[in-house]
Amino acid sequence: MTHRPSGAEPLLRHAPQPMGGRAARDASGSGAMAAYPGQGFPGAGQAPGAPPAGPYPGAPYGQPPPGGPYGGGAAPGGPYGQPGPYGGPQPGPYGGAAPGGNAPPGVDPEAFSWFQAVDADHSGYISVKELKQALVNSNWSTFNDETCLLMINMFDKTRSGRIDVYGFAALLRFIQQWKNLFQQYDRDQSGSISFNELQQAFSQMGYNLSPQFSQLLLARYAQRSSNPSIQLDRFIQICMQLQSTTDAFREKDTGLVGNVRLSYEDFLTMVVTRMM
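Attention in this report is confined to the structure presented alongside it. (Residues numbered from 1 in each chain as written. Predicted model: local features only at pLDDT ≥ 70, side-chain atom pairs only at ≥ 80, totals over all residues. Heavy atoms only, no water.)

Next up on the list: the overall build of the protein chain. Of the regular secondary structure elements, the protein chain holds eight helices and four strands. Helices and strands in the protein chain line up, N terminus first, as β-α-β-α-β-α-β-α-α-α-α-α. Looking at the protein chain residue by residue over its 276 residues, the buried ones come to 46%. A fraction of 65% describes how many contacts in the protein chain between residues 6 or more apart in sequence connect residues 24 or more apart. Carbon and sulfur atoms make up 53% of the accessible area of the protein chain, which amounts to about 13300 Å² in all. (Helix = DSSP H or I, 4+ residues; strand = E, 2+ residues; numbered from the N terminus. Buried < 20%, exposed > 50% of the residue type's maximum accessible area, 1.4 Å probe, protein only. Contact = heavy atoms within 4.5 Å. Areas by Shrake-Rupley, 256 points an atom, 1.4 Å probe, with all protein chains shown as cover.)

Given below as structure tokens:
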């Protein structure tokens, strides 16, 4: 495995690197994201992780800042973005150009070459296991099972537990968008999100959450250390689940007061349909 400096970005193993060093940022440096693909994701059409805006300032779910929760329009350069704060990757697995091959219609040739590399059993589909083996965080830890399963399920239109090349290409764009956002909130460019950075991220997304809640998330998802922090895979997982449960809560909170009365079975139904 090639040595990477401290703070290096996540990447795909053994393949051109869709998540390595090309953070899409707008001209002002605000880190605006490309358009969210939205396939199978709660709240389709918004940027990932963003709660719907409340109808008035101070609504219980918070109000995204002006220009949208992530600063506005699409990032320049398309879904793969431009060089970011952690340094750029090599364009191919050995430093050369990524082969396009015979990419199917509508699939980016570079994404197709990534798909072929990750499809270890050459089945024409990517499984959770194959995706997990391909994705690593900035500290070289592999993505956790829960996040990989969430992402596979999001782009698995056939409910087979696998994704085809079209779903994989959309998944790469989705991860790139999350990585761009992650880098925006990783203000010290350490490659992980600290407690203060997580609090700021929630606030800028429009969530009104207490420091105690952020501490709970760190205790649950961060690796144990004197300065616990969140890696990219857990950041994606937290934000996806947070949006999903917020959407479920809002369905019950028809008056948008920030409180609902649920029966035990309603609560279990919310958990089963949104979290599992």
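Continuing now.
A separate point is the pattern of salt bridges. When their charged atoms lie close together, side chains carrying opposite charge are able to pair. The full count for this structure, using the stated rule, is two salt bridges. Residue Lys 132 pairs with Asp 145 through a salt bridge whose shortest N-O separation is 3.4 Å. Taken together, the residues span a long stretch of sequence, with Lys 132 in helix H2 (residues 128–134) and Asp 145 in helix H3 (residues 145–155) at a distance of 13 residues. The exposure class of Lys 132 is partly exposed, given its relative accessible area of 24%. Close ionic contact of Glu 146 with Arg 234 constitutes a salt bridge, the shortest N to O distance being 3.8 Å. With Glu 146 in helix H3 and Arg 234 in helix H7 (residues 232–252), the pair connects residues that are 88 residues apart, well separated along the chain. Exposure remark for Arg 234: the relative accessible area of 17% places this residue in the buried category. (Salt bridge = Lys/Arg side-chain N within 4 Å of Asp/Glu carboxyl O.)

We now examine the packing of H3 against helix H4 (residues 165–185). Interhelical geometry of H3 versus H4 gives an angle of 125 degrees and a closest axis separation of 9 Å. Classified by the interaxial angle, the pair formed by H3 and H4 is oblique. The handedness of the crossing between H3 and H4 comes out as right-handed. Between H3 and H4, the residues in contact are Met 151, Met 154 and Phe 155 and Gly 167, Ala 170, Leu 171, Phe 174 and Ile 175, respectively. Here the residues of the contact of H3 with H4 sort into seven nonpolar, one polar and no charged. (Axes fitted to C-alpha atoms, helices over the stretch in contact; angles between N-to-C directions. Parallel < 35°, antiparallel > 145°, perpendicular 65-115°, else oblique. Left-handed = near helix turned anticlockwise from the far one by under 90°. Nonpolar A, V, L, I, M, F, W, Y, C, P; charged D, E, K, R; others polar.)

Within helix H5 (residues 195–205), the full set of buried residues consists of Glu 197, Leu 198, Ala 201, Phe 202 and Met 205. Projection of H5 onto a plane perpendicular to its axis shows the buried side chains occupying an angular sector of 135 degrees, all on one side. Check the buried side of H5 and you find it contacts H4, helix H6 (211–221) and H7. Phi turns positive, to about 105 degrees, at Gly 206, one or two residues after H5. (Arc of directions from axis to C-beta.)

This brings us to the nonpolar core. Membership of the largest hydrophobic core comes to 47 residues, with the highest contact counts inside it found for Leu 131, Met 151, Phe 168, Leu 171, Phe 174 and Phe 235. Looking at this core, the elements with two or more residues in it are helix H1 (109–118), H2, H3, H4, H5, H6 and H7. Broken down by element, the residue count for this core peaks at 12 residues, all from H4. (Core = buried A, V, L, I, M, F, W, Y, C linked by side-chain atoms within 4.5 Å.)

To continue, consider a nonpolar patch on the surface. A contiguous nonpolar patch, built from Leu 262, Tyr 264, Phe 267 and Leu 268 and spanning about 400 Å² of accessible area, is present on the exposed surface. For Leu 262, the position within the fold is in the loop between H7 and helix H8 (264–275). (Patch = residues over 30% accessible without salt bridge, like charges linked within 9 Å, V, L, I, M, F, W, Y side chains within 5 Å.)

Taken as a whole and assessed by the stated rule, the structure comprises seven aromatic pairs. Summarising the aromatic geometry, the rings of Phe 115 and Phe 168 are spaced 5.6 Å apart at their centres and angled 65 degrees between planes, so their arrangement reads as edge-to-face. Note that Phe 115 is positioned in helix H1 and Phe 168 in helix H4, a separation of 53 residues in sequence. A relative accessible area of 0% means that Phe 168 is categorised as buried. On the basis of an interplanar angle of 70 degrees and a centroid distance of 5.5 Å, the ring pair of Phe 182 and Phe 235 is categorised as edge-to-face. One end of the pair, Phe 182, is in helix H4; the other, Phe 235, is in helix H7, with 53 residues separating them in the sequence. Pairwise contacts between aromatic rings join Phe 155, Phe 174, Trp 178, Phe 182, Tyr 185 and Phe 235 into one cluster. One Lys or Arg, Arg 162, reaches over the ring of Tyr 125 and ends 4.1 Å from the middle of that ring. (Phe/Tyr/Trp six-rings, centres within 6.5 Å; stacked < 30°, edge-to-face > 60°. Lys NZ or Arg CZ within 6 Å of the ring centre and 35° of its normal.)

Moving on, we get to the environment of Phe 249. Within the secondary structure layout, Phe 249 lies in helix H7. In this structure, the C-alpha to C-alpha distance between Phe 249 and Asn 259, residues 10 residues apart in sequence, is 8.8 Å.

Before going further, it helps to spend a moment on the side chain of Asn 180. Among the secondary structure elements, Asn 180 is positioned in helix H4. For Asn 180, a relative accessible area of 2% gives the class buried. A polar contact is formed between the side chain of Asn 180 and the side chain of Gln 176, at a distance of 2.7 Å. (Polar contact = N/O pair within 3.5 Å; in protein donor to acceptor, adjacent residues only side chain to side chain.)

So, to be careful, I would describe these as geometric facts and stop short of saying anything about function.
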